[in-house]
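Secondary and tertiary structure notes
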Amino acid sequence: SNDSNFLCKALLALLENKIQVASGYVSLVKMAVDESQFACIHNLIGNCKYGSRCRNSHNPLAKRPLCRFYHGSGVCSKGAACLYSHEDPFVVSSALAMVPEGGGLLKAKLPILMQLHVDLFVWYHHHHQRILLLGEGNFKFTEALTVLGMPPLFSSTNIQTVQDVKSKCLKGVDATRLHTDPRIVTEIKSGRINVFSWNFPHTGHEDPIIHEALILEAFQSTALLMSKTPDRVGVLYFAMALQANQFSRWNILHSTWRTGWRLTGWNPFYNTIFPGYFPSRHCGEHFPVDDARFYIFELHKGDG
């Protein structure tokens, strides 16, 4: 009928018009994407080695690159913790004028380190009475904190021979087996310890796979201690100082996601703050810490 023909033509015209509009929109947004600077993922987690020479944006508000898993298959195993964007690929910083007022943009789904600065000295001053220092080979960091008037509750080393320092020292402590160490478990049950700190963990060999496993096991072990804490202790803290890009090379965030820990703060690590402290390896050789960073993680009851 004439009415049917008219309706079909009207629908076809409407469809063609929508296609043209959509095509123009996509072209415009593609042009905006080409011109935009996406956020540098390494900078967001504090580990860009290129600095001002980086080809990506160091603006913490810049659009994050798309997650190839989420936008490729619709599934990303990291979920809300993914470093990359799960948002509409056409919503980019230079096309925000197209977003209706009030539509809003999704907030970043990861902690951006630029926004999580903490004062290193203040953090230790606040926590020193409940802290266990791990991996204190020569106890120089323990001595530095003591000189500053904030001695740690306990210091520990995985070696059997320790020197005399003012703080309580535990020898033969394996950071990956804390949950099986009766001395640590006793202190956890009493509520006296709920903070762990490990400066520059290292096996002596530059192997990222070995170090990723080392850190993962340490996070797992401390997470297992949460079930042994008294009711009044609702959170555990784990602080870690790392060199340059070890945070990304050792896949630290992935290990925290797997064990329930969450990154809550960071700061550049300046050893000059701590008198007489010069980080060294097992052999006693000092190493530079110009690009070192200090990361803070938290584990809340029910998150592990």
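Here we summarise the structure given alongside this text. Since we're looking at a predicted model, the values are computed, not measured.

**A few points about helix H5 (residues 140-147)**
For H5, every residue scored as buried is listed here: Phe141, Thr142, Ala144, Leu145 and Thr146. Those residues of H5 hidden inside the fold are in contact with helix H4 (120-127), strand S1 (131-134), strand S2 (154-156) and strand S4 (195-199). Note on H5: the residue one or two positions beyond its end, Gly149, has a positive phi of about 85°.

**Some points on a nonpolar patch on the surface**
Taken together, the side chains of Phe121, Val122, Tyr270 and Ile273 present a nonpolar region at the surface, about 340 Å² in accessible area. Position of Phe121 relative to the elements: it lies in helix H4. Phe121 sits in the partly exposed class, given a relative accessible area of 32%.

**Points about unusual backbone geometry**
Negative phi characterises most residues that are not glycine, and trans characterises most peptide bonds. Of note in this structure, Phe139 is not a glycine but carries a positive phi near 60°. By the secondary structure assignment, Phe139 is in the loop between S1 and H5. Notably, Asn251 is not glycine yet its phi reads approximately 55°, a positive angle. Here Asn251 is to be found in the loop between helix H8 (246-249) and helix H9 (252-259). In this structure Asn251 comes out as partly exposed when scored by relative accessible area, which is 29%.

**Some details on the pairing of strand S5 (residues 235-242)**
Across the 8 residues that make up S5, a large majority, 8, are buried. Here S5 shows two buried faces, one formed by Val235, Tyr237, Ala239 and Ala241 and the other by Leu236, Phe238, Met240 and Leu242. Where S4 meets S5, 5 bridges bridge the pair, whose relative direction is parallel. From the neighbouring strand, Asn199 faces S5, where its bridge partner is Ala241. With helix H7 (residues 208-224) bridging S4 and its parallel neighbour S5, the resulting β-α-β unit is right-handed.

**Concerning the sheet that holds S1**
Spatially, S3-S2-S1-S4-S5-S7-S6 is the arrangement adopted by the 7 strands of the open sheet, whose pairing is mixed. What marks the edges here is a single partner per strand, and that holds for strand S3 (168-170) and strand S6 (262-268). Neighbouring strand axes in the sheet, compared pairwise and without regard to direction, differ in orientation by 20° on average.

The rules behind the values
Residues numbered from 1 in each chain as written. Predicted model: local features only at pLDDT ≥ 70, side-chain atom pairs only at ≥ 80, totals over all residues. Heavy atoms only, no water. Buried < 20%, exposed > 50% of the residue type's maximum accessible area, 1.4 Å probe, protein only. Helix = DSSP H or I, 4+ residues; strand = E, 2+ residues; numbered from the N terminus. Contact = heavy atoms within 4.5 Å. Patch = residues over 30% accessible without salt bridge, like charges linked within 9 Å, V, L, I, M, F, W, Y side chains within 5 Å. Areas by Shrake-Rupley, 256 points an atom, 1.4 Å probe, with all protein chains shown as cover. Salt bridge = Lys/Arg side-chain N within 4 Å of Asp/Glu carboxyl O. Pairing = 2+ DSSP bridges. Right-handed = clockwise from strand over helix to strand, strands pointing away. Axes fitted to C-alpha atoms, helices over the stretch in contact; angles between N-to-C directions.

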